[in-house]
Amino acid sequence: MGEKTKEQLLSELLEIQKELEEKVQYHDQMIRRFQMLTANEGLFSQIIDFCPYPIAVFMPQGILETVNNAFAAETGANPEDLGAGRLNIYHCISDNIALTSAIRQAFAGETCFLDDLKNPLLRFPEQKRKKDSTPKNYRKAIVFPISAEDGLVIHSVAVFTI
């Protein structure tokens, strides 16, 4: 096997950089659109509910404020638990340090892209899944902040993907 030339290595590095820039640009667009939708609650609610990926919105204390239909189907979360503040992400996934840390970082204003998670939606011990459903293997998440008009971060949003 021959060694690669500097030009070949540089070309490969530039290609990787281009792919990363495209990925970051796509994620930034998604986050901006999601943040804009929060201004129109009716439309926001419909879009979040029909998104095929599980979405969870957290309050600063880690309490789940709302989830979409995909998240509810995967975890068995119900409105009574959400309304009562019974589901706290810091308690449910305490063994998933990367996800817990990303949610905390979002409240500090940072966006985190997580890969290689180990079934983060299976960490809701109080919940019961439908017996006939097979959970999907969600391994990635984008966790980002939602700020109020004054810039204060009021919510952290996690979107889980396969």
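The structure this text deals with has already been given above.
In short, a report on the structure. Please read all numbers here as calculations on a predicted model, not as lab measurements.

### Here we look at the packing of aromatic side chains
Tallying each qualifying case throughout the model produces 1 aromatic pair. Relative to F160, the ring of F71 has its centre 6.3 Å away and its plane inclined at 40°; by these criteria the two rings are tilted. Of the two residues, F71 is situated in helix α3 (residues 69-75) and F160 in strand β5 (residues 153-161); the sequence distance between them amounts to 89 residues. This pair shows no difference in class: F71 is buried, exactly as F160 is.

### A closer look at the pattern of salt bridges
Overall, the coordinates contain 4 salt bridges when judged by the stated rule. Between E12 and K4 there is a salt bridge, with its nearest N and O atoms 2.6 Å apart. In this structure, the salt-bridge partner of E74 is K136, at a minimum N-O distance of 3.8 Å. Of the two residues, E74 is situated in helix α3 and K136 in the loop between β3 (112-114) and β4 (140-147); the sequence distance between them amounts to 62 residues. Of the residues examined, E74 reaches a relative accessible area of 8% and is grouped as buried. Of the residues examined, K136 reaches a relative accessible area of 46% and is grouped as partly exposed. In the salt-bridge network here, residues are joined through shared partners; they are D116, K118 and R139.

### What to know about the sheet that holds β3
The 5 strands lie next to each other as β2-β1-β5-β4-β3, forming an open sheet whose pairing is antiparallel. The open sheet is flanked by β2 (64-67) and β3, the only strands paired with a single partner. For this sheet, the mean inter-axis angle between neighbouring strands, taken without regard to orientation, is 20°. Its contacts with the sheet put helix α6 (residues 97-107) on β1 (55-58), β3, β4 and β5, and the angle it makes with β5 is roughly 145°.

Rules used in this analysis
Residues numbered from 1 in each chain as written. Predicted model: local features only at pLDDT ≥ 70, side-chain atom pairs only at ≥ 80, totals over all residues. Heavy atoms only, no water. Phe/Tyr/Trp six-rings, centres within 6.5 Å; stacked < 30°, edge-to-face > 60°. Helix = DSSP H or I, 4+ residues; strand = E, 2+ residues; numbered from the N terminus. Buried < 20%, exposed > 50% of the residue type's maximum accessible area, 1.4 Å probe, protein only. Salt bridge = Lys/Arg side-chain N within 4 Å of Asp/Glu carboxyl O. Pairing = 2+ DSSP bridges. Axes fitted to C-alpha atoms, helices over the stretch in contact; angles between N-to-C directions. Contact = heavy atoms within 4.5 Å.

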